[in-house]
Amino acid sequence: MITLASDFGSPYPAAMKGVILRRSDARLVDVSHTLPRGAIRESAFWLRETWPTFPLATHLAVVDPGVGTDRDVLVGAAAGHTFVGPDNGLLLPAARRVAADTDGAIDWYHADPGDPTSTTFHGRDVFAPLAATVHETVKPAGPDALASLNRLTPTEPTVGLRLPEARVENDRAEGEVLAIDDFGNAITNVPGTVLDGRGTIRVNDDRVPVGETFAAVAPGDPLVTVGSHGYVECDVNDGRGEEWFGLTVGDTVCLDIG
Amino acid sequence: MITLASDFGSPYPAAMKGVILRRSDARLVDVSHTLPRGAIRESAFWLRETWPTFPLATHLAVVDPGVGTDRDVLVGAAAGHTFVGPDNGLLLPAARRVAADTDGAIDWYHADPGDPTSTTFHGRDVFAPLAATVHETVKPAGPDALASLNRLTPTEPTVGLRLPEARVENDRAEGEVLAIDDFGNAITNVPGTVLDGRGTIRVNDDRVPVGETFAAVAPGDPLVTVGSHGYVECDVNDGRGEEWFGLTVGDTVCLDIG
Amino acid sequence: MITLASDFGSPYPAAMKGVILRRSDARLVDVSHTLPRGAIRESAFWLRETWPTFPLATHLAVVDPGVGTDRDVLVGAAAGHTFVGPDNGLLLPAARRVAADTDGAIDWYHADPGDPTSTTFHGRDVFAPLAATVHETVKPAGPDALASLNRLTPTEPTVGLRLPEARVENDRAEGEVLAIDDFGNAITNVPGTVLDGRGTIRVNDDRVPVGETFAAVAPGDPLVTVGSHGYVECDVNDGRGEEWFGLTVGDTVCLDIG
């Protein structure tokens, strides 16, 4: 199984699929091709929340504003999964989350990009064929077989990325918005546990109710929930939390939970 | 085969797929993940028009504004197909349409939701694993095997839903807009047969031609057709009928066909 | 394998899939269902750029503003691939590109459309079942077996289509915009080779740098690149080239490369 994720929209992902299917009969599953364009950290969040739901797979992800530059091409292996993408931080939070299922160890490699036809579509010319090769190598022989590929050189990622952690002290939490989902929910990095036993809290300048479900408030009304990612989310029932709260990705969120 | 439908956009459907694929190697086919958000009746229309085109399958659908509340979890079986989703009416019109292929009988069950991780993403935590279980139960043994699942309790749906029917009398039909499609066609519930032999009709205040095809009128011009669902549709050739006619879902449509 | 492409958005493509899957267990791969609506030439460009990446497949494409009229139904075979769609030019550039892999020969057929239920959704009622039939015929016996299908009549396409070619003379190239991709890159038909060794060029009234990669200029700044299709593209790094350059599909582009 190969999962595919990108910020390509349509129809470029189909070219990646065609290239893969010339080399592999793997099942293909789309994670998303509308990842936030060029937004590595936000996309990394979505991969981290999605890849761990899958059975063993090769996970291909391309959000690559540096396409065609000398940024490296990264392959990883952890807990039986493999990862393929640009070495710009994109793969790291998800790979660490997947690796946490076992001992946390991740084997990283840089891959020779070969001689791509284009400088602007390495999804088609570099990453898709590489993902097919990784999948076909690992499928019969396991991830250790990657070490035998001449294209791959064991290394550490060149570019690091850690999603920021919120600070929680007594009755205050200070975090930031990691992502906005398609419903308009503003997903913070504040652990949902801070809401335990609270009826209302203040988010920046607004006091809003804590709800277990969106339907805890009337349609159009704001609330905070513990979202499906385990974090505090700023939501509106049947509406867009990002708009009501005036939040966008990267904004600071101060929660007064006293 | 498991079909998937939701109003989740992206990338949440991928988490459902990952969860299913950990439990089943079923073929997965997307019906849509841009069903009208939170719009149960309109989504129910689209499921009804789409599910019957499929061979035997488990159909998973999640448009669930009551997620996390005590709304029930529904499983159905008819004509060899099975259905999984929230008990909010969403599944009913489609299930009845599928059941019409045989004797109309539908076996309904409430499912124990288990102990979902989240209160806001039952697609991932309740419905996807349930769909995998239903599929894996039915695949070898047929739909009657559902009765042996301890999680399921035979029952009737708690929440009913019937799509409204138009009134047709002599030269007048009064119906409403069931859905707007991605082309902007306003799909009414008035049977297309009322257009038989008509050259023009009046839709609310506008007299427009009856066409067999969009191309029956010039680009940008309005017309009514018998749409692919068998109903009168208010269209614009190479344009958006909903805008020209000023119609939105639920609006009343009076047709003067005299 | 059957690839699917249309301008249908959602959920109409699912009805095509259901219809196919009742007749075939082929792997289904989406090329795109957001091809530019009703835009035959632009859609034909995208098919031409995408189909050749695939292994042997039946390629179904429906961008069909003449649905329900007496336009013909076209089936083609070349280089082991088969093509199904309306006879409006849509399939031709892609079929010729696929055929170029072998001797350039394409066998064309008109197909009896049968007696479709609807006049407005031949994707579901004509093209999807036809694609399934074509695939199931060709899979065991090869493309020559199409000649044995009573539904098919050998012929040439009724409607021709060739994508325009740019004129390149000395220091000037005059072409046009073939397509705008989801990134907002304006893809011209001017061969990328004209940029060889150039540092800047003039595009209509604007002098802009030539870059190998988007990142060759600062975010928000314009450039021209040799795009992944081999043509000159008018781009903005981390922005929308179509907006900066004021270009839309079909616009003339004059390049002064002196």
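Right above here is the structure, for reference.
Notes on the structure in this doc start here. (Residues numbered from 1 in each chain as written. Chains lettered and ligands numbered in written order. Predicted model: local features only at pLDDT ≥ 70, side-chain atom pairs only at ≥ 80, totals over all residues. Heavy atoms only, no water.)

## Details of helix α1 (residues 12–21) of chain C
Most of α1 of chain C is tucked away: 10 of the 10 residues are buried. Among all positions of α1 of chain C, only Tyr-12, Pro-13, Ala-14, Ala-15, Met-16, Lys-17, Gly-18, Val-19, Ile-20 and Leu-21 of chain C are buried. (Buried < 20%, exposed > 50% of the residue type's maximum accessible area, 1.4 Å probe, protein only. Helix = DSSP H or I, 4+ residues; strand = E, 2+ residues; numbered from the N terminus.)

## Some points on the relation of the copies chain A and chain B
In screw terms, the move from chain A to chain B is a rotation of 120° and a rise of 0.0 Å along the axis, fitting with an RMSD of 0.0 Å. Within this description, the copies of the chain are treated as partners about a three-fold rotation axis. In terms of proximity to the rotation axis, the leading residue of chain A is Arg-27 of chain A, whose C-alpha is 5.4 Å off the axis. Looking at the interface residues of chain A, only 4% of them are also at the interface in chain B, so each copy uses its own face. (Least-squares fit on C-alpha atoms with pLDDT ≥ 70 in both. Contact = heavy atoms within 4.5 Å.)

## Considerations on the relation of the copies chain B and chain C
Relating one copy of the chain to the other takes a rotation about an axis and a shift parallel to that axis. When chain B is brought onto chain C, the operation consists of a screw motion whose angular component is 120° and whose axial shift is 0.0 Å, with 0.0 Å RMSD remaining. Comparing interface residues between copies, only 4% of those in chain B also sit at the interface in chain C, which points to a heterologous contact through distinct surfaces.

## Some details on the pairing of strand β11 (residues 200–203) of chain B
If a strand is regular, its side chains alternate between the two faces of the sheet. All names here are of chain B. Burial along β11 is one-sided: the residues Ile-201 and Val-203 are buried and none of Thr-200 and Arg-202 is. Bridge count for β11 against strand β12 (residues 206–209) is 4 bridges, and the pairing is antiparallel. Considered in β12, the bridge of Arg-202 is made with Arg-207. Count of turn residues in the β11/β12 antiparallel hairpin: 2 residues, of which Asn-204 carries a positive phi of about 50°. Here 2 bridges tie β11 to strand β15 (residues 252–256), and the two strands are oriented antiparallel to one another. Within the sheet, the bridge partner assigned to Arg-202 lies in β15 and is Asp-256. (Pairing = 2+ DSSP bridges.)

## Digging into the interface of chain A and chain B
Contacts between chain A and chain B engage 27 residues on the former and 27 residues on the latter. Where chain A abuts chain B, roughly 2200 Å² becomes buried across the two surfaces, and 57% of that area is made up of carbon and sulfur atoms. If you sort the residues of chain A by the area they bury against chain B, Thr-53, Phe-183 and Ser-228 of chain A come out on top, with a joint share of 27%. Where chain A touches chain B, the interface holds 0 salt bridges. Looking at the side of chain A that touches chain B element by element, the count peaks at 4 residues for strand β2 (residues 28–32) of chain A. Class assignment for the residues of the side of chain A that touches chain B results in 12 nonpolar, 9 polar and 6 charged. (Buried area = accessible area lost by both parts, 1.4 Å probe. Salt bridge = Lys/Arg side-chain N within 4 Å of Asp/Glu carboxyl O. Nonpolar A, V, L, I, M, F, W, Y, C, P; charged D, E, K, R; others polar.)

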